[in-house]
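Residues per chain, in single letters:
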Amino acid sequence: MKFEKFKILFVTPNLNPGGSQKLIVNLLNNIENKDKYLLIYKKKECFLKRNITSKVDIIFSKSRRILLSFFEINKIIKEKNINCIFSSMRNMNIILGLYCYFFTLKTKLVLHEPNTMDEFKDMSFRKFIKINLMKLSYANSNFIIANSRDTKNDLLKYRIINRKKIKVVSNPISVSEKKMDNLEKIKKFKKKKFTVVGCGALTDQKNFELLVNAFSIFKKKIKKTCLVIIGDGFLREKIKRRVERLGLKKDVLITGFVKNPYKIFKISNMFVLSSRYEGFGNVLVEAVFAKMKIISTNCKGGPKDILKNGKYGYLARNDNQNDLADKMLKCYKKPKKINYDYFFEKYSSKNISKKYLKIFMSK
């Protein structure tokens, strides 16, 4: 009798360079001896596809809209004899949960919840509909994997899912030593200055205006310093105007999207995460791997867990530019000692992927 391998279908709208997409790529690369399938809906948004190094059967959706792909998913599950479906993005999770509800699916469904529930603080009719769709959809999953204790607590607070179904597992982190095209531009800009780095999408959540304001205060004390903001987004022009108003045009560089920010981390000194809230906070671990000095706002999500409540990096009050600047100055003068072996062991892709696989295969 031929033994069939356990088969996992990973589903994602795209492979843009976000935390949820990186999670899927890391799992694909590190889960071994299983048949892995990846269903992608947006063929033109597949930047991270180049990072997939293991054997994966990639399927590009033929559906014009994700909401209309129920029958396509059903066909894939039956033809490939899928044992487990996994998704890592909230909107995709909702769709898959609804699919299981309407088709009474027996295949295991595991969903990764990538963020705290802060988007629902200011409730609107649209958000009211979404949160109730989450409750209906997530109830049809076998397990929800929360990436931090705060994410788990929010799922319980908003009564999204039964406590027994929630597992807390950190995101797996891997970094690349591949070259990047504009590294020389960064080196020329920073020269011999003490370099502060922030990295992420230029959105309200990431709160880069706070970082610019805090840096302005920090620079009054530490003259020979510069700030590099890695990322792009709809707030880029607003942040640039703020930089200009503060007279920091020569001291702040906004790089736009960068293929491999880790290479910038390696030649910089201090990493600051200024977010209002996070899911996990991948970039914090990546910055630790680059052996940078670390500061984060004490926001909801993974940062305080990652930094062991301030043991491995300074935690500043959320949305407080003076306290953030004060913590930057303290970190400059006396950085926290970091147990790098602890980080490499705890957040290695191989170790975290084993935890995910155990959940995928559990009854």
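In this text, all values refer to a predicted model and were calculated from it rather than measured experimentally.

**Observations concerning a positive patch on the surface**
Phase 1 of the analysis: On the surface, a cluster of positive charge is made up of Lys-308, Lys-311, Lys-346 and Lys-355.
Phase 2 of the analysis: Note on placement: Lys-311 falls in the loop between α11 (303-306) and β13 (314-316).
Phase 3 of the analysis: Residue Lys-311 is classed as exposed on the basis of its relative accessible area, which comes to 52%.

**Regarding the pattern of salt bridges**
Phase 1 of the analysis: All told, the structure shown has 22 salt bridges when counted by the stated rule.
Phase 2 of the analysis: Across the salt bridge formed by Asp-326 and Lys-330, the nearest N and O atoms sit 3.6 Å from each other. Separated by four residues within a single helix, Asp-326 and Lys-330 lie in helix α12 (residues 321-333), roughly one turn from each other.
Phase 3 of the analysis: Asp-326 gets classed as partly exposed once you look at its relative accessible area, which sits at 33%.
Phase 4 of the analysis: Lys-330 gets classed as partly exposed once you look at its relative accessible area, which sits at 40%.
Phase 5 of the analysis: Here the residues in one salt-bridge network are Arg-90, Glu-113, Glu-119 and Lys-130, joined through shared partners.

**Considerations on the sheet that holds strand β11 (residues 270-273)**
Phase 1 of the analysis: Overall, parallel pairing links the six strands, which are arranged β10-β9-β8-β11-β12-β13 in an open sheet. Looking at which strands have only one partner, the edges of the open sheet turn out to be β10 (252-256) and β13. Across the sheet, the axes of successive neighbouring strands diverge by a mean angle of 20°, strand direction being ignored.
Phase 2 of the analysis: Pairing of strand β12 (residues 293-297) with β13 involves three bridges; the strand directions are parallel. Bridge pairing in β13 links Thr-297 to Ala-316.

**What to know about the side chain of Ser-274**
Phase 1 of the analysis: Following the sequence through the fold, Ser-274 ends up in the loop between β11 and α10 (282-289).
Phase 2 of the analysis: Accessibility expressed as a relative area gives 2% for Ser-274, which makes it buried.
Phase 3 of the analysis: Among the polar contacts made by the side chain of Ser-274, one reaches the main-chain carbonyl oxygen of Lys-206 at a distance of 2.9 Å.
Phase 4 of the analysis: Within the structure, the side chain of Ser-274 is placed 3.1 Å from the backbone oxygen of Asn-207, a separation counted as a polar contact.
Phase 5 of the analysis: Apart from the residues lying within four places of it in its own chain, the contact partners of Ser-274 are Lys-206, Asn-207, Phe-208, Leu-210, Leu-211, Thr-297 and Leu-324.

Parameters and conventions
Residues numbered from 1 in each chain as written. Predicted model: local features only at pLDDT ≥ 70, side-chain atom pairs only at ≥ 80, totals over all residues. Heavy atoms only, no water. Patch = residues over 30% accessible without salt bridge, like charges linked within 9 Å, V, L, I, M, F, W, Y side chains within 5 Å. Areas by Shrake-Rupley, 256 points an atom, 1.4 Å probe, with all protein chains shown as cover. Salt bridge = Lys/Arg side-chain N within 4 Å of Asp/Glu carboxyl O. Lys, Arg positive; Asp, Glu negative; His and termini not counted. Charge placed at Lys NZ, Arg CZ, Asp CG, Glu CD. Helix = DSSP H or I, 4+ residues; strand = E, 2+ residues; numbered from the N terminus. Buried < 20%, exposed > 50% of the residue type's maximum accessible area, 1.4 Å probe, protein only. Pairing = 2+ DSSP bridges. Axes fitted to C-alpha atoms, helices over the stretch in contact; angles between N-to-C directions. Polar contact = N/O pair within 3.5 Å; in protein donor to acceptor, adjacent residues only side chain to side chain. Contact = heavy atoms within 4.5 Å.

Take it as geometry only, folks, not as evidence of what the structure does.
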